[in-house]
Amino acid sequence: MSGPSDRARTFVGSYDRVIGVDSMSKSYGLSGLRIGWAVGPSQVIRDLWRRHEYAAIATGRLDNIVAGIALEEATSTRILARNRAAMREGWALFEDWQRSLGGLVRAHRPMATPLVFLRFATSLDSVRAGHRIRTGASTLICPGEYFGFDGYLRMNFGFGRDPVRRSTGRVPHRVFAAGVCGRARRDVGRGSATASTR
């Protein structure tokens, strides 16, 4: 999330057992296109192609055209810069919200994703905590239990300033405080939160 021109380094091509997989969904924010790709040894790609054709004949023609435009150097640079800026703005608001809750939640800034696991200080499990936030604050947050991390909530702060401000503004102190116990508050102070790239 540091700079607009930063590109993640790749192991593709470094040796013959590397397969690179990417898509238009995460970094580009164009998940509606449903387009992805793989780069690797030619025989592996041929095998993957056969399996792909078993499930899908082809992607839409318009989807391919839009993806091609998005992947052009000038457009790609602009899209990635926009998305990185949205992540930086969203994280700044997320941090302010986290501090405003006075230790009831804890999260560490992820290195390369707008998805974060938020540790929360409550005796509720993550499914019930997520349900309370959904019904009490009209905000949908994914319970960490679905990823094998109960005691955490999975949140996305990469939508930019306004959506993050609206969503965090709907989750007041009382939503978390209602289920807090002393042990949970101590645990969240010691615990750590990690980013998810799923």
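Numbering of residues begins from 1 in every chain and follows the order in which that chain's sequence is written. For a predicted model such as this one, the threshold for reporting local features is a pLDDT of at least 70, and the threshold for listing and counting side-chain atom pairs is 80 or more; totals across whole chains, interfaces and linings nevertheless cover every residue. Based on all heavy atoms of the structure, the side-chain values leave hydrogens and waters out of the count.

### Topic: the pattern of salt bridges
- The rule for a salt bridge is simple: a side-chain nitrogen of Lys or Arg has to be within 4 Å of a carboxyl oxygen of Asp or Glu. What the rule picks out here adds up to five salt bridges.
- D47 is paired through a salt bridge with R50; the nearest N and O atoms lie 2.5 Å apart. With D47 and R50 both in helix α1 (residues 42-55) and three residues apart, this pair spans about one turn of that helix.
- Per-residue accessibility, obtained with a 1.4 Å probe over protein chains only, is compared with the maximum for each type, and a residue is labelled buried under 20%, exposed over 50%, and partly exposed between these values. The exposure class assigned to D47 is partly exposed, which follows from its relative accessible area of 23%.
- Between R165 and D162 there is a salt bridge whose closest N-O contact spans 3.4 Å. Taken together, the residues span about one helical turn, with R165 and D162 both in helix α5 (residues 161-169) at a distance of three residues. Numbered from the N terminus, helices here are DSSP runs of H or I no shorter than four residues, and strands are runs of E no shorter than two.

### A few points about the sheet that holds strand β4 (residues 115-120)
- A sheet is described by the order of its strands in space; here four strands give the open sequence β3-β4-β6-β5, paired in antiparallel fashion. Each of the sheet's edge strands pairs with one partner strand only, and the pair in question is β3 (105-106) and β5 (142-143).
- For β5 and strand β6 (residues 152-156), the ladder comprises two bridges, and the chain directions are antiparallel. Residue pairing across strands places C142 opposite R154, the latter belonging to β6.
- Between two residues, a contact is recorded if the distance between any of their heavy atoms is within 4.5 Å. Between N-to-C directions, angles span 0 to 180 degrees; the directions come from axes that are lines fitted to C-alpha atoms, helices contributing only their stretch in contact. Sitting on the sheet, helix α3 (residues 73-100) touches β3, β4 and β6, and the angle it makes with β4 is about 0 degrees.
- Where helix α4 (residues 126-137) meets the sheet, its contacts fall on β4, β5 and β6, and the angle it forms with β6 comes to roughly 45 degrees. Paired strands, as defined in this entry, are two strands with at least two bridges between them according to DSSP.

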